[in-house]
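Remarks on the overall topology
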Amino acid sequence: MFRQVLRYSVRKYAPAIAPRATVLSSPTRHVSAMATRAYSLSTSGEDIEDKIDQISVNEYNSISEEYLESLADSLEDLSEKYPQIDCELSHGVMTLTIPPHGTYVINKQPPNKQIWLSSPVSGPKRYDLIGGQWITLRDGSALTELITEEVSSALGTEVSLDIEG
C-alpha cells in the first residue's frame, strides 16, 4: 500500500515541482535532470516561474552586485548627515546598523538568484528579480521601498535612497 501511495505521489507531484524532470517508474529511484530553480510554485500554490525574470547566473551576479553597491553608496551618503547609520558591504553581504532598530543583514543568495533581507523590524524576507526590481513574492513589496520606510522610521524623518538597479 505504501509503495502505491509513494508511486502515485511521485508521478503526480514531481512534475509540478520539477517540470523538466524525468520521473522513473520505480518509487525507490530518484528524479533525474532536476530543473534549474528549486521551486516553481509559491507557498499558496501559485505558479511563479513566469513572474521571475529569467536571467543567467552571470547576469544575476552583475545585477545583484550593482544593486547592493548602489544601496551601500546611498546609505553611506545618508550617514554623512545621520552619523548613527553604519553600513558595510563585503563579499555580497551588507550589514546596516541603525539605532534604535538594530542591525539589518542584506545578502546575495546565488543558488536561488535572490537577495535575502534580515530586518530587526519586519523580519526575514527573500527577494526575486521581477520586472527589474527586487520584489518579495509573499506580499509583493519592493526591497528598496521597505528599506527606505524602515530607515525613515528609525531616523524619524522621511529619507530618499538614490538606488540604481
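Thresholds applied
Residues numbered from 1 in each chain as written. Predicted model: local features only at pLDDT ≥ 70, side-chain atom pairs only at ≥ 80, totals over all residues. Heavy atoms only, no water. Helix = DSSP H or I, 4+ residues; strand = E, 2+ residues; numbered from the N terminus. Buried < 20%, exposed > 50% of the residue type's maximum accessible area, 1.4 Å probe, protein only. Contact = heavy atoms within 4.5 Å. Patch = residues over 30% accessible without salt bridge, like charges linked within 9 Å, V, L, I, M, F, W, Y side chains within 5 Å. Areas by Shrake-Rupley, 256 points an atom, 1.4 Å probe, with all protein chains shown as cover. Salt bridge = Lys/Arg side-chain N within 4 Å of Asp/Glu carboxyl O. Lys, Arg positive; Asp, Glu negative; His and termini not counted. Charge placed at Lys NZ, Arg CZ, Asp CG, Glu CD. pLDDT = per-residue confidence, 0-100. Expected span 1.5 Å × (residues − 1). Phe/Tyr/Trp six-rings, centres within 6.5 Å; stacked < 30°, edge-to-face > 60°. Lys NZ or Arg CZ within 6 Å of the ring centre and 35° of its normal. Core = buried A, V, L, I, M, F, W, Y, C linked by side-chain atoms within 4.5 Å. Pairing = 2+ DSSP bridges. Axes fitted to C-alpha atoms, helices over the stretch in contact; angles between N-to-C directions.

**Examining the overall build of the protein**
- If you tally the helices and strands in the protein, you get 3 helices and 6 strands.
- Ordering the α and β elements of the protein from the N terminus gives α-α-β-β-β-β-β-β-α.
- Relative to its full complement of 165 residues, the protein shows a buried share of 37%.
- Contacts in the protein between residues far apart in sequence, at least 24 positions, make up 39% of those at least 6 positions apart.

**A look at a negative patch on the surface**
- A grouping of E66, E69, D73, E76, D77, E80 and D162 is seen on the molecular surface, where their side chains present a negatively charged patch.
- With respect to the helices, strands and loops of the structure, D162 is situated in the segment after α3 (143–155).

**A word on the confidence of the model for the protein**
- Mean pLDDT over the protein stands at 80; residues scoring 70 or higher make up 69%.
- A low-confidence stretch, residues 18–41 stays under pLDDT 50, and its non-local contacts, those more than four residues away or across chains, total 44 contacts.

**Section: α3**
- If you check α3, its first and last C-alpha atoms are 18 Å apart, about what 13 residues at 1.5 Å a residue would give, namely 18 Å.
- Here α3 has its buried residues at L143, L146, I147, T148, E150, V151, S152, A154 and L155.
- Remark: G156 follows α3 within two positions and exhibits a positive phi of approximately 75°.

**Some points on the pattern of salt bridges**
- With the rule as written, the count across this model stands at 2 salt bridges.
- Two residues, K108 and E65, come together in a salt bridge whose shortest N-O distance is 3.3 Å. With a gap of 43 residues between them, K108 in strand β3 (residues 102–109) and E65 in helix α2 (residues 57–81) connect regions that are remote in the sequence.
- Its relative accessible area of 23% is what places E65 among the partly exposed residues.
- Across the salt bridge formed by D139 and K125, the nearest N and O atoms sit 3.1 Å from each other.

**Here we look at the packing of aromatic side chains**
- Under the definition given, this model contains 1 aromatic pair.
- Ring plane angle 85° and centroid distance 6.1 Å describe the contact between Y60 and W134, whose orientation is recorded as edge-to-face. Taken together, the residues span a long stretch of sequence, with Y60 in helix α2 and W134 in strand β6 (residues 133–135) at a distance of 74 residues.
- Residue W134 is classed as buried on the basis of its relative accessible area of 3%.
- Here R126 stacks its cationic end above the ring of W116, 4.2 Å away from the centre of that ring.

**Section: the nonpolar core**
- Of all hydrophobic cores here, the largest spans 30 residues; its most connected members are L71, I106, L143 and V151.
- Mapped by element, the contributors of at least two residues to this core are α2, β2 (93–98), β3, β4 (114–119), β5 (123–130) and α3.
- Not counting residues within four places of it along the chain, the set of residues in contact with I106 comprises L68, L71, G92, V93, M94, I115, W116, L117, L143 and I147.

**A few points about the sheet that holds strand β1 (residues 86–90)**
- Taken together, the 6 strands give an open sheet; going across it, the order is β1-β2-β3-β4-β5-β6, and neighbouring strands pair in antiparallel fashion. For this open sheet the edge positions go to β1 and β6, each flanked by a neighbour on one side alone. In this sheet, neighbouring strand axes are inclined to one another by 20° on average, regardless of whether the strands run parallel or antiparallel.
- For β4 and β5, the ladder comprises 6 bridges, and the chain directions are antiparallel. Residue pairing in the sheet places S119 in a bridge with G123 of β5.
- Lying over the sheet, α2 contacts β1, β2, β3, β4, β5 and β6, oriented at roughly 160° with respect to β3.

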